[in-house]
Amino acid sequence: MMVGTQPAKLAPPPFDPWDWLSELTEAGGGYALASGRKLWLVVDHVPADALYPLMAKLVGHPDRQEAVRLTIERRQAGEGIA
């Protein structure tokens, strides 16, 4: 019988929409908000190995998707990272 503790699992870092958008553009992608606040992600020329981990952070996370929308709205309004 093994006695001891298992290594603690580290929590992933909190989601930062500013960082996420920066990662997307650094990978060659882009973004826009269309009418009705529809989020458009431009990923035509982003390599799949760079795109997959980015999208994995958004898929199934409506709160993160909304954070990205709000961040884009703030950028369009001229607000920067404080």
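Numbers given for residues are sequential positions, taken from 1 along each chain in its written order. Residue-level local features of this predicted model are given only where pLDDT is at least 70; pairs of side-chain atoms are given and counted only at 80 or more, and the full residue set underlies all totals for whole chains, interfaces and linings. As a rule here, side-chain values come from all non-hydrogen atoms in the structure, and water together with hydrogens is ignored.

Trainee: Explain the side chain of Thr71 to me, using residue names and the numbers behind them.
Mentor: Secondary structure follows DSSP: runs of H or I at least 4 residues long count as helices, runs of E at least 2 residues long count as strands, and numbering of each begins at the N terminus. With respect to the helices, strands and loops of the structure, Thr71 is situated in helix H3 (residues 62-76). Throughout this description, buried means an accessible area under 20% of the type-specific maximum (1.4 Å probe, protein chains only), exposed means over 50%, and partly exposed covers the range between. When its relative accessible area of 1% is taken as the criterion, Thr71 is described as buried. Residue contacts are defined here by distance: any two heavy atoms, one from each residue, within 4.5 Å place the two residues in contact. Beyond its immediate sequence surroundings of up to four residues, Thr71 is in contact with Pro17, Trp18 and Leu21.

Trainee: I'd like to hear about the pattern of salt bridges, residue by residue, with values.
Mentor: As a working rule, side chains carrying opposite charge can pair if their charged atoms are close by. Note on definitions: salt bridges are taken to be side-chain nitrogens of Lys or Arg within 4 Å of carboxyl oxygens of Asp or Glu. Applying the stated criterion across every chain, the model contains 4 salt bridges. With a shortest N-O distance of 2.7 Å, Glu66 and Arg37 are connected by a salt bridge. In this pair, Glu66 sits in helix H3 while Arg37 sits in the loop between strand S1 (30-33) and strand S2 (39-42), placing the two residues 29 residues apart along the sequence. Connected through shared salt-bridge partners, Arg37, Glu66, Arg69 and Glu73 make up one network.

Trainee: Residue-level account of the nonpolar core, with values.
Mentor: Trp20, Leu21, Leu24, Ala27, Leu33, Leu39, Val46, Leu51, Leu54, Leu58, Val68 and Ile72 form the largest nonpolar core, which has 12 residues in total. Elements with a minimum of two residues in this core: helix H1 (17-26), helix H2 (48-56) and H3. It is H1 that provides the largest number of residues to this core, a total of 3 residues. Once residues within four sequence positions are removed from consideration, Val46 is found in contact with Ala27, Gly28, Gly29 and Leu51. Among buried residues, the Ala, Val, Leu, Ile, Met, Phe, Trp, Tyr and Cys ones that are joined through side-chain atoms within 4.5 Å form a nonpolar core.

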